[in-house]
Amino acid sequence: MENNTYCVIMAGGVGSRFWPLSKSSTPKQFLDILGTGKSLLRQTFERFTALCPNENFLVVTSAEYADKVLEQIPEIKAEQVLKEPFRRNTAPCIAYANSWIRTRNPKARIVVTPADHLIMNEEVFRTNILSGLDFVSAHEALLTLGIKPHRPETGYGYIQVGAKAENAAETFNKVKTFTEKPNAELAKVFFESGEFFWNSGIFIWTLKAIDEAFASHLSEVQNLFVKLDSAIGTAQEEKALNDTYIDCKNISIDYGVMEKAENVFVQTVSFGWSDLGTWSSLYEYSPQDKNNNAVISGQVLLYDTNDSIVNMPADKVAVIQGLDNYIVVDSGDALLICPKDNEQQIRQFTTDIKAEFGDKAL
């Protein structure tokens, strides 16, 4: 185990597309979405325990979720839960973690991962992470993991691979372009070209390399967090952090750094991955019956129903008849029945619910 290796888990999102199971009080990363008996956050932590000592984990989350993090990961200390006062996207989240690490280990190698992704083959995943850590140590590179696509997907960003990296395995390439979520026609072109990989949102770099990239491409953000360094671990940290976030702009690490830096590489991998962004993505990786229905939880009887996903409270009995390609989710105090093809409207549903019924249902 490498004491210079740190794992930063980003766990501040709300997961609104998983409403009504995921709510602002308990977002999806704290839920057992997969029915395994463990939350997505807990699974993410356990995925890295063979690679990183407990004291080198950081979980960056909203201040309101700090207690939930410690309940689910009792192996870490309260100081390892970095409490963001406001949501400012992934670049400030990463800059905050960098600030914490800078005060402790300037030689750090860092893996940054979302808290709510699905990894099917964790052994292959860990092998890839170790290879990536070795690569960034040797090349002072910013590395992202690119997932080999198995369909033309419009829900993910894409990475176009360029030339092979020098003095490295064939799975490491320069990044040619980043592309946001494409339309169906462009996604088909990407898939058939063989040059494009899904952007996993998992990053590997040294502290030195990411600090230099921030200084070059997001200097205003870097300067704010470098000033924060002296307050980390002191009585002044909360106020200094609040002031930092007030002054910090909302920007993603992809747009602010990765799309601009010259030393950006991609490691092309295939270990069974999903960002679990939607009910349909959960459906794809869930066991299905002979009619292609996935029942995640509940005591459910299905009649004349096909290609649907159902999630009920474990002790609730439900009888469903005559649905094709539907999402049915009962959280106990809220019910969603929606065609899978229309699930992108769930965010609009939650906006309408807030306007009509207030925050209590969200």
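Residues numbered from 1 in each chain as written. Predicted model: local features only at pLDDT ≥ 70, side-chain atom pairs only at ≥ 80, totals over all residues. Heavy atoms only, no water.

(A) Molecular detail of the overall build of the protein. Assigned secondary structure in the protein consists of 11 helices and 17 strands. Here the C-alpha atoms of the protein give a radius of gyration of 21 Å, agreeing with the 21 Å that 2.2 N^0.38 yields for 362 residues. Burial statistics for the protein: of 362 residues in total, 52% are counted as buried. Pairs at least 24 apart in sequence give 66% of the contacts found in the protein among residues at least 6 apart. (Helix = DSSP H or I, 4+ residues; strand = E, 2+ residues; numbered from the N terminus. Rg over C-alpha atoms; globule rule 2.2 N^0.38 Å. Buried < 20%, exposed > 50% of the residue type's maximum accessible area, 1.4 Å probe, protein only. Contact = heavy atoms within 4.5 Å.)

(B) Local environment of the sheet that holds strand E14 (residues 309-311). Ordered by their spatial adjacency, four strands build an open sheet running E12-E14-E16-E17, and the pairing between neighbours is mixed. The two strands at the open ends of the sheet, each matched to only one other strand, are strand E12 (294-297) and strand E17 (335-339). Neighbour-to-neighbour, the strand axes of this sheet turn through a mean angle of 5°, independent of strand direction. Examined bridge by bridge, E14 and strand E16 (residues 326-330) share three bridges and lie parallel to one another. (Pairing = 2+ DSSP bridges. Axes fitted to C-alpha atoms, helices over the stretch in contact; angles between N-to-C directions.)

(C) Spotlight on a nonpolar patch on the surface. There is a patch of nonpolar side chains on the surface, built from Leu301, Tyr303 and Val319 and spanning about 300 Å² of accessible area. The residue Tyr303 is located in strand E13 (residues 299-303) in this model. (Patch = residues over 30% accessible without salt bridge, like charges linked within 9 Å, V, L, I, M, F, W, Y side chains within 5 Å. Areas by Shrake-Rupley, 256 points an atom, 1.4 Å probe, with all protein chains shown as cover. Salt bridge = Lys/Arg side-chain N within 4 Å of Asp/Glu carboxyl O.)

(D) Here's a closer look at the packing of helix H1 (residues 40-48) against helix H4 (residues 122-139). Two elements in contact, H1 and H4, have axes separated by 10 Å at closest approach and are oriented at 60°. In terms of orientation, H1 lies oblique with respect to H4. Every pair of crossing elements has a handedness; the one defined by H1 and H4 is right-handed. Here Glu46, Arg47 and Phe48 of H1 come into contact with H4, specifically with Glu122, Phe125, Arg126 and Ile129. Looking at side-chain class alone, the contact of H1 with H4 contains three nonpolar, no polar and four charged residues. (Parallel < 35°, antiparallel > 145°, perpendicular 65-115°, else oblique. Left-handed = near helix turned anticlockwise from the far one by under 90°. Nonpolar A, V, L, I, M, F, W, Y, C, P; charged D, E, K, R; others polar.)

(E) Molecular detail of helix H8 (residues 237-247). Residues of H8 that are buried: Glu237, Leu241, Thr244 and Tyr245. For H8, the angular spread of buried residues about the axis comes to 95°, placing them on one side. Residues of H8 that are exposed and point more than 90 degrees away from the buried face comprise Lys239 and Asp247. Tucked inside the fold, the buried residues of H8 contact strand E3 (81-84), helix H3 (90-102) and helix H7 (219-228). (Arc of directions from axis to C-beta.)

(F) How the structure looks around the packing of aromatic side chains. Inspection of every chain in the model, using the stated rule, returns 16 aromatic pairs. Ring centres 5.3 Å apart and planes at 10° place the aromatic pair Phe203 and Trp205 in the stacked group. Residue Trp205 is classed as buried on the basis of its relative accessible area, which comes to 0%. Among the aromatic residues, ring-to-ring pairing joins Phe48, Phe125 and Phe271 into one connected group. Above the ring of Phe265, the side-chain terminus of Lys174 is found at 5.2 Å from the ring centroid. In this structure, Lys260 is placed above the aromatic ring of Tyr255, and the distance from its NZ or CZ to the ring centre is 4.2 Å. (Phe/Tyr/Trp six-rings, centres within 6.5 Å; stacked < 30°, edge-to-face > 60°. Lys NZ or Arg CZ within 6 Å of the ring centre and 35° of its normal.)

(G) H3, seen in detail. With 13 residues, H3 should reach 18 Å at 1.5 Å per residue; the first-to-last C-alpha distance of 18 Å fits that figure. Among the residues of H3, Ala91, Pro92, Cys93, Ile94, Ala95, Tyr96, Ala97, Asn98, Ser99, Trp100, Ile101 and Arg102 are the ones counted as buried. (Expected span 1.5 Å × (residues − 1).)

(H) Region of interest: the nonpolar core. Leu142, Trp205, Phe214 and Ile253 are the most contacted members of the largest nonpolar core, which has 47 residues in total. Not counting residues within four places of it along the chain, the set of residues in contact with Trp205 comprises Ile94, Arg109, Ile110, Val112, Val136, Ala141, Leu142, Ile210, Ile253 and Met258. Counting 43 residues, the second largest nonpolar core, distinct from the first, contains Phe45, Val136, Phe190 and Ile202. (Core = buried A, V, L, I, M, F, W, Y, C linked by side-chain atoms within 4.5 Å.)

(I) Examining the side chain of Thr305 more closely. Note that Thr305 resides in the loop between E13 and E14. Among the polar contacts listed, one links the side chain of Thr305 to the backbone oxygen of Tyr303, at a separation of 2.9 Å. (Polar contact = N/O pair within 3.5 Å; in protein donor to acceptor, adjacent residues only side chain to side chain.)

(J) Focus on the layout of surface pockets. Considered as a void within the structure, the largest pocket measures approximately 1,400 Å³ in volume. Put simply, the parts of the chain that give the lining of the largest pocket at least two residues each are H3, strand E8 (172-179), strand E9 (196-206) and helix H9 (253-258). Per-element accounting of the lining of the largest pocket gives the leading share, four residues, to E9. The residue makeup of the lining of the largest pocket, split by class, is 14 nonpolar, 17 polar and 12 charged. (1 Å grid on protein atoms, 1.4 Å probe; cavity = no way out; pocket = protein on both sides within 12 Å on 5 of 7 lines; lining within 4 Å. Points joined across faces, edges and corners; volume = space filled by probe spheres on them.)

(K) The pattern of salt bridges, seen in detail. A complete count under the given rule lists 19 salt bridges for this structure. Note that Glu122 and Arg47 form a salt bridge whose closest N and O atoms lie 3.0 Å from each other. With Glu122 in helix H4 and Arg47 in helix H1, this pair connects stretches of sequence that are 75 residues apart. Take Glu122: its relative accessible area is 22%, and that puts it in the partly exposed class. The exposure class of Arg47 is buried, given its relative accessible area of 2%. The partner of Arg102 in a salt bridge is Asp211, and the shortest N-O contact between them spans 2.8 Å. Separated by 109 residues along the polypeptide, Arg102 in helix H3 and Asp211 in helix H6 (residues 207-217) bring together distant segments of the chain. With relative accessibility at 18%, the residue Arg102 sits in the buried group. Connected through salt bridges with shared partners, the residues Lys38, Arg42, Glu46 and Glu75 form a single ionic network.

These figures capture arrangement, not role.
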